[in-house]
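Examination of the molecular architecture
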Amino acid sequence: MLEKKRPVVIPVGQHRPLLVATDGYHHTSPFVLKTLKKHTYYFKVGCVIEDDQLVVGLAVQVILYFMGLTADNIVMQALSFGPILFFLFLYYIKRKQFLRFQPA
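Residues numbered from 1 in each chain as written. Predicted model: local features only at pLDDT ≥ 70, side-chain atom pairs only at ≥ 80, totals over all residues. Heavy atoms only, no water.

**What about helix α1 (residues 51-70)?**
Helix length check: α1 (20 residues) gives 29 Å between terminal C-alpha atoms against 28 Å at 1.5 Å per residue, within 8%. Restricting attention to buried positions, one finds in α1 the residues Gly 57, Gln 61, Leu 64 and Gly 68. The buried residues of α1 occupy one face: seen down the axis, they fall within an arc of 75°. Opposite the buried face of α1, at more than 90 degrees from it, the exposed residues are Asp 51, Asp 52, Val 55, Val 56, Leu 58 and Thr 70. Looking at the packing, one finds that the buried side of α1 touches α2 (74-79) and α3 (82-93). Positioned one or two residues after α1, Asp 72 has a phi angle of 55°, which is positive. (Helix = DSSP H or I, 4+ residues; strand = E, 2+ residues; numbered from the N terminus. Expected span 1.5 Å × (residues − 1). Buried < 20%, exposed > 50% of the residue type's maximum accessible area, 1.4 Å probe, protein only. Arc of directions from axis to C-beta. Contact = heavy atoms within 4.5 Å.)

Printed below as a string of C-alpha cells:
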C-alpha cells in the first residue's frame, strides 16, 4: 500500500526492474528503469485527472447549468454534464492511462 509522504524502498539487483503501480482497478503501464547509474530514483504515482482539472470541470459544469437554467435552455443544462462524462470516460474507458509514474 502506498501512503502519502511515505517512501517505498524497492531493492534492485542486477536486472532492470519493471515497475507497475495499481489501485486494484487501474494500473500503470509497465515502467522499466533502463539505466541504473544512481542508487535512488524518485517517482510520484499520479493520476491523469489533476486537482485543478477537477476544480475547472466543476466550475464549467456550474456555469453551464446556471446559464441553461436562467435562459430556460435544456441544451445548456445537458451540456453541463460534459465534464462529468469526460471524467467518467477517463476513469472507465481509458483506465490503462489513468495512473502514471511521474519523475519527482
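Having seen the model, we can carry on.
**Some details on the packing of aromatic side chains**
Applying the stated rule across the entire model yields nine aromatic pairs. Plain terms: the ring middles of Tyr 25 and Tyr 92 are 6.2 Å apart, the flat faces sit at 70° to each other, and that makes the pair edge-to-face. Remark: Tyr 92 occurs in helix α3 and Tyr 25 occurs in the loop between β1 (18-19) and β2 (31-32); sequence separation between them is 67 residues. On the basis of relative accessible area, Tyr 25 is assigned to the partly exposed category, the value being 35%. Their ring planes at 75° and their centres at 5.1 Å tell us that Phe 31 and Phe 43 sit as a pair that is edge-to-face. Residue Phe 31 is located in strand β2, and its partner Phe 43 is located in strand β3 (residues 43-47); the two are separated by 12 residues in the primary sequence. Judged by its relative accessible area of 29%, Phe 43 is partly exposed. Taken together, Tyr 25, Tyr 91, Tyr 92 and Phe 98 form an aromatic cluster joined through their ring pairs. (Phe/Tyr/Trp six-rings, centres within 6.5 Å; stacked < 30°, edge-to-face > 60°.)

**Let's talk about unusual backbone geometry**
Not every positive phi belongs to a glycine, and Asp 72 is a case in point at roughly 55°. Examined against the element boundaries, Asp 72 turns out to sit in the loop between α1 and α2. A residue is classified by how much of its surface remains accessible, and Asp 72, at 71% relative accessible area, is exposed.

**Topic: the packing of α1 against α3**
Across the interface, α1 lies against α3 with an axial gap of 8 Å and an inter-helix angle of 145°. Contact residues: Gln 53, Leu 54, Gly 57, Val 60 and Gln 61 in α1; Pro 83, Ile 84 and Phe 87 in α3. Of the residues in the contact of α1 with α3, the class split is five nonpolar, three polar and no charged. (Axes fitted to C-alpha atoms, helices over the stretch in contact; angles between N-to-C directions. Nonpolar A, V, L, I, M, F, W, Y, C, P; charged D, E, K, R; others polar.)

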